[in-house]
Amino acid sequence: MNVKPIIAITAMAAALLGSGMAMAQSGVSALKGHDSKAPIDLAADRAEAQDRADRAIFAGNVVIKQGELTMRTARLTLAYANTSGKLDINRIDASGGVTVVSPSETARGDFAVYDLNQKLITMVGNVRLDRAGSYLNGGRLTIDLDTGRAVMDGGQRGANNQSVGRVTGRFTVAQRN
């Protein structure tokens, strides 16, 4: 068995996942160091404020932008704290098909949770991560916005804590003359 192709495939997988969703040129994730306290712009067909529960619900063609991060979904719930008359958004829950776009990557899934305090985005259900012609599919994707590290796993845990699904993908290989 030739070990070099296995090492090359492992290195490509690590480059896509281990170092985060890296930007094509610099090798640094577009989301690394993302400012989760930056202003959030939001648009939706419908909005409902639930002040007693400290949340707001948005539905229909929801688009949320924060810095270079854009999220599109059918339904979104913002959880917040009201401190001294200012809203401090803590968490964003998205459902009904979610797309998260950065300058160099696109991730899609059934649901997503963006924890602004922990600086984590977790996507679950039929997740696909695309970057520069390469992609990974899995059951869950977690993106750490501090480090730029992205981790994909096969999905839910079954009996005896075994993974039910598998991570699959395709990596493009540069053509050299």
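Preceding this section is the structure that the text describes.
Figured I'd write up the structure that's included with this text. Here, residues in each chain are numbered from 1, in the same order as that chain's written sequence. Where totals are concerned, whole chains, interfaces and linings use all residues; where local detail is concerned, this predicted model gives features only for residues with pLDDT of at least 70, and gives and counts side-chain atom pairs only at 80 or more. Hydrogens and water molecules were not included; the side-chain quantities draw on all heavy atoms of the structure.

## A few points about the pairing of strand β7 (residues 120-131)
- Bridge count between strand β6 (residues 106-115) and β7: 8 bridges; the pairing is antiparallel. Residue pairing across strands places F111 opposite V124, the latter belonging to β7.
- DSSP-based pairing: two strands are paired if at least 2 bridges between them are found. Helix and strand labels come from DSSP, where a helix needs a run of H or I of at least four residues and a strand needs a run of E of at least two; each type is numbered from the N terminus. From the end of β6 to the start of β7, which pair antiparallel, there are 4 residues, and K119 there has a positive phi angle of about 60 degrees.
- Two strands pair when backbone bridges link them, and β7 and strand β8 (residues 134-144) are joined in this way by 10 bridges, in the antiparallel orientation. Note that in β8 the partner of R131 across the bridge is S134.

## Focus on the pattern of salt bridges
- Salt bridge criterion: a side-chain nitrogen from Lys or Arg within 4 Å of a carboxyl oxygen from Asp or Glu. Scanning all chains against the criterion turns up 7 salt bridges.
- One salt bridge connects D130 with R108, and the closest N-O pair in it is separated by 3.7 Å. With a gap of 22 residues between them, D130 in strand β7 and R108 in strand β6 connect regions that are remote in the sequence.

## Details of the side chain of T70
- The residue T70 is located in strand β4 (residues 69-83) in this model.
- Contacts are assigned to residue pairs that have any heavy atoms within 4.5 Å of one another. If sequence neighbours within four positions are ignored, T70 has contacts with V63, I64, K65, T99, V100 and V101.

## Description of unusual backbone geometry
- With a phi close to 55 degrees, D54 is a non-glycine residue in the positive phi region.
- Within the fold, D54 resides in the loop between β2 (46-50) and β3 (55-66).
- Relative accessible area serves as the criterion here: at 31%, D54 is assigned to the partly exposed category.
- If you check the backbone angles, A132 has positive phi at about 50 degrees while not being a glycine.
- Tracing the chain through its elements places A132 in the loop between β7 and β8. Three labels apply to residues, based on accessible area from a 1.4 Å probe with only protein chains included: buried if under 20% of the type maximum, exposed if over 50%, partly exposed otherwise in between.

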